[in-house]
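The chain contents come next:
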Amino acid sequence: MSKYRDRPDAIRALVRDTQVHKDLYIDQELFELEMEHLFANTWVYVGHASQVPNKGDYYTTTVGTEPVVMVRHSDDSVKVLYNRCPHKGTKVAGEVCGNTGRFFRCPYHAWTFRTDGSLLATPLKKGYDNTGFDSCEASQGMAPVPAVEVHRDFVFCRLNAHGIGFREFFGDSLSTIDNMVDRSPEGKLQIAGGVLRYMHRCNWKMLVDNQTDTCHPMVAHESSAGTAVRVWQQAPQGTPKPMAVELFAPFVSPYEFFEKMGIRVWDNGHGHTGVADSIHAAYSPIPGYWDRMVAAYGEERAQKILGEVRHNTIYFPNIMVKGPVQTLRRFVPLAADRTLVESWTFRLVGAPDLLLERTLMYNRLINAPTSVVGHDDTEVYERAQEGLRARGRDWINVARLYDPAERGQANFVTNGTSESQMRNQFRAWANYMTRTMQEVAA
Amino acid sequence: MTTSTSQQLIDFVYAEARLLDEQRFEDWLNLFTDDAFYWMPLAPGQQDPHLHGSLMYEDKLLLRIRIERLAGARTFSQQPRSRSHHLLQAPAIESADSDNGRYTLRTAFHYVETRLDRQELYAGWAAHELVTQGGQLRIKLKRVDLVNCDAAFGNINLFM
């Protein structure tokens, strides 16, 4: 009998109030169950509508480990289809992005599909007469993902046809995406500048956990951000502070800074660091930006939009959004011990180019495979992935500032060094892993 | 203006790679002008380092931070250290403005970086934009174009 398949009680037992079992990170069967259940029961980020601006534009990606294609249909709606020919299984869309015109054409046998997935034509169609083809699933074309929602151009899907609704799942957490979009004087974002792709030999959840781990920067990043501050201090008096130093330096702020910045926890595994303050709060103003914001929104509202300094917002299960920096990171699960991290950047339409330049610099300095901050983090994740193989300690501790009252709360703010958001993620993990699982009697 | 011969230019490129492989990073950094950049584009044929992402686009300050970090006692990702190996094709002189002491060279390379039991091979082209300062050749721009610059990579710790 397998350890976890068909055993929701065994899975729930892996998540305790203040500890989670190491199998969450190292067990390949659990990983496969995550792909079957967690990534099918939750609303998972697919892409941004600006990647498919025109009819027939498509973008290929994955939801969990399943290949999908996001496409702009002839009625201008955004569809998400499984990228699999219903005939022999070939991925129909081959490029990362492109324009397929009015239909997709499979490169293997030239079956064609409308951009909503429906079958358009097959060569030598007579060969299927009297074969019962119409009752085969292949006649239905490329399968559409059954539940798709577009929130302010952010495209999410739920693989299971039935389950929690989009609004109920995300609740107030959508306010982070809203704030990032509102930072454009035109209320519009565009994916821009390419994507950084960084391979990690560790479980995808280590990266998710790390996004709201505020007790590591001053330790793990002493080597990078700490060195940056030290080198900068040697510059002659009066030298203007370079943008790069401004981006690096807050990483080595003291514990007290992170305690005070606060964490907000929402239901269903979502939450963010940086409520009252954050490492993104003290960047130099970008010339011309404030005036454009005031012209668009008026002073009071512009102040409110830019006054949000949220640090990292987790949209459970696997993306993180930084409103003030206009980045989105997708933690792509490949195997229990392998994760691809994509770091995307946005242009605030109508804002000065220098904002995009700063966004790209941040992404390059912090999230690239060539980034010294990234090297610090990857080292500790990969050491943990190996360390967790050890016997004698089976649990990962997430007890910091635990309060039993937090369990029933859907929206609360607490000390910024609390691990409450990690605990929130694990509660959501156990919930969405087991919702659609049937206990099989031993 | 001191004029450099073809052989001197080519030798300069070889010597630069050797300094990296011997981890003589201070000497290496001294090869760069104060306003120099080290650029690793993210897209093939990329023209813009500012409004498009790059793997690296670093001025001398950022390069110095990297070098000092490599020597740091709490640089855990470099315990143990990475090592590198450059294999260069003969550098080609793409342009030479001897009157002003400015030259560009293009060098195909294979680069190996290793740490612990892992060894990664990268292939690409390095473009050196050289100027003459105080009679010495200096790097104003080193551009490193990986043949797979848009691929997913693990840690790239040192310099190509």
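Cut-off values and rules
Residues numbered from 1 in each chain as written. Chains lettered and ligands numbered in written order. Predicted model: local features only at pLDDT ≥ 70, side-chain atom pairs only at ≥ 80, totals over all residues. Heavy atoms only, no water. Helix = DSSP H or I, 4+ residues; strand = E, 2+ residues; numbered from the N terminus. Rg over C-alpha atoms; globule rule 2.2 N^0.38 Å. Buried < 20%, exposed > 50% of the residue type's maximum accessible area, 1.4 Å probe, protein only. Contact = heavy atoms within 4.5 Å. Areas by Shrake-Rupley, 256 points an atom, 1.4 Å probe, with all protein chains shown as cover. Lys, Arg positive; Asp, Glu negative; His and termini not counted. Charge placed at Lys NZ, Arg CZ, Asp CG, Glu CD. Phe/Tyr/Trp six-rings, centres within 6.5 Å; stacked < 30°, edge-to-face > 60°. Lys NZ or Arg CZ within 6 Å of the ring centre and 35° of its normal. Buried area = accessible area lost by both parts, 1.4 Å probe. Salt bridge = Lys/Arg side-chain N within 4 Å of Asp/Glu carboxyl O. Polar contact = N/O pair within 3.5 Å; in protein donor to acceptor, adjacent residues only side chain to side chain. Pairing = 2+ DSSP bridges. Axes fitted to C-alpha atoms, helices over the stretch in contact; angles between N-to-C directions.

1. A closer look at the overall build of chain B
Assigned secondary structure in chain B consists of 3 helices and 7 strands. In chain B, the order of α-helices and β-strands from amino to carboxyl end is α-α-β-β-α-β-β-β-β-β. Here chain B has a C-alpha radius of gyration of 16 Å; the compact-globule value for 160 residues is 15 Å, and the two agree. If one aligns the C-alpha atoms of chain B with their principal axes, the spans along those axes are about 45 × 30 × 30 Å. Split into buried and exposed, the 160 residues of chain B put 50% on the buried side. Of the contacts formed within chain B by residues at least 6 apart in sequence, a portion of 58% connects residues at least 24 apart. Accessible surface computed for chain B: about 7,400 Å², of which carbon and sulfur atoms make up 49%. The average position of the 17 basic charges and that of the 21 acidic charges among the side chains of chain B differ by 6 Å.

2. What to know about the packing of aromatic side chains
Summed over all chains, the structure comprises 27 aromatic pairs over all chains. Note on Tyr 128 of chain A and Phe 133 of chain A: the rings are 4.7 Å apart at their centroids and 40° apart in plane angle, and the pair reads as tilted. By relative accessible area, which is 12% here, Phe 133 of chain A ends up buried. When the centroid spacing of 6.1 Å and the interplanar angle of 40° are considered together, the rings of Tyr 111 of chain B and Tyr 122 of chain B count as tilted. Of the two residues, Tyr 111 of chain B is situated in strand β5 (residues 102-115) and Tyr 122 of chain B in strand β6 (residues 118-133); the sequence distance between them amounts to 11 residues. We note that Tyr 111 of chain B, like Tyr 122 of chain B, is buried. Among the aromatic residues, those joined into a ring-pair cluster are Trp 43, Tyr 45, Phe 154, Phe 156, Phe 166, Phe 169, Phe 170, Tyr 315, Phe 346 and Tyr 432 of chain A. A cation over an aromatic ring shows up here: Lys 205 of chain A above the ring of Tyr 25 of chain A, its NZ or CZ 5.4 Å from the ring centre. The side chain of Arg 143 of chain B reaches across the aromatic face of Trp 39 of chain B, ending 4.6 Å from its centre.

3. Brief notes about the interface of chain B and chain A
Taken together, the 35 residues of chain B in the interface contact 38 residues of chain A. With both sides pooled, the region where chain B packs onto chain A buries about 3,100 Å², and carbon together with sulfur makes up 56% of that total. At the junction of chain B and chain A, the tally comes to 5 salt bridges. Where chain B packs against chain A, one counts 20 residue pairs in polar contact (both at pLDDT 80 or more).

4. Digging into the pattern of salt bridges
Residues and elements named next belong to chain A. Scanning the model with the defined rule gives 33 salt bridges over all chains in all. Of the charged contacts, one joins Lys 205 and Glu 34 as a salt bridge, the two residues approaching to 2.6 Å between their closest N and O atoms. Here the residue Lys 205 occupies a position in helix α6 (residues 204-211), and Glu 34 occupies one in helix α3 (residues 28-41), the gap between them amounting to 171 residues. Look at Lys 205 and you get buried, because its relative accessible area is 4%. A residue is classified by how much of its surface remains accessible, and Glu 34, at 1% relative accessible area, is buried. Put simply, Arg 152, Asp 178, Asp 182 and Arg 301 are held in one network by salt bridges that share partners.

5. A look at the side chain of Arg 72 of chain A
All names here are of chain A. In this fold, Arg 72 is placed in strand β4 (residues 66-72). Of the buried charged residues, Arg 72 lacks a salt bridge, with Asp 76 as the closest side chain of opposite charge at 4.7 Å. A distance of 2.7 Å separates a polar side-chain atom of Arg 72 from the backbone oxygen of Val 52. Here Arg 72 is in contact with Ala 49, Val 52, Pro 53, Asn 54, Lys 55, Gly 56, Asp 57, Ser 77, Val 78 and Thr 115, once residues within four sequence places are set aside.

6. Regarding the sheet that holds strand β11 (residues 154-158) of chain A
Residue and element names in this part refer to chain A. Strands sit in the order β2-β11-β10 across an open sheet of 3 strands; the sheet is antiparallel. The sheet is open, and its two borders are formed by β2 (44-48) and β10 (147-151), each paired with just one other strand. The average undirected angle you get between the axes of adjacent strands in this sheet is 30°. Two elements, β10 and β11, share 5 bridges in a ladder whose sense is antiparallel. Looking across to β11, one finds that Val 150 is bridged to Val 155. Helix-sheet contacts for helix α5 (residues 174-182) involve β10 and β11, and the interaxial angle to β11 is about 155°.

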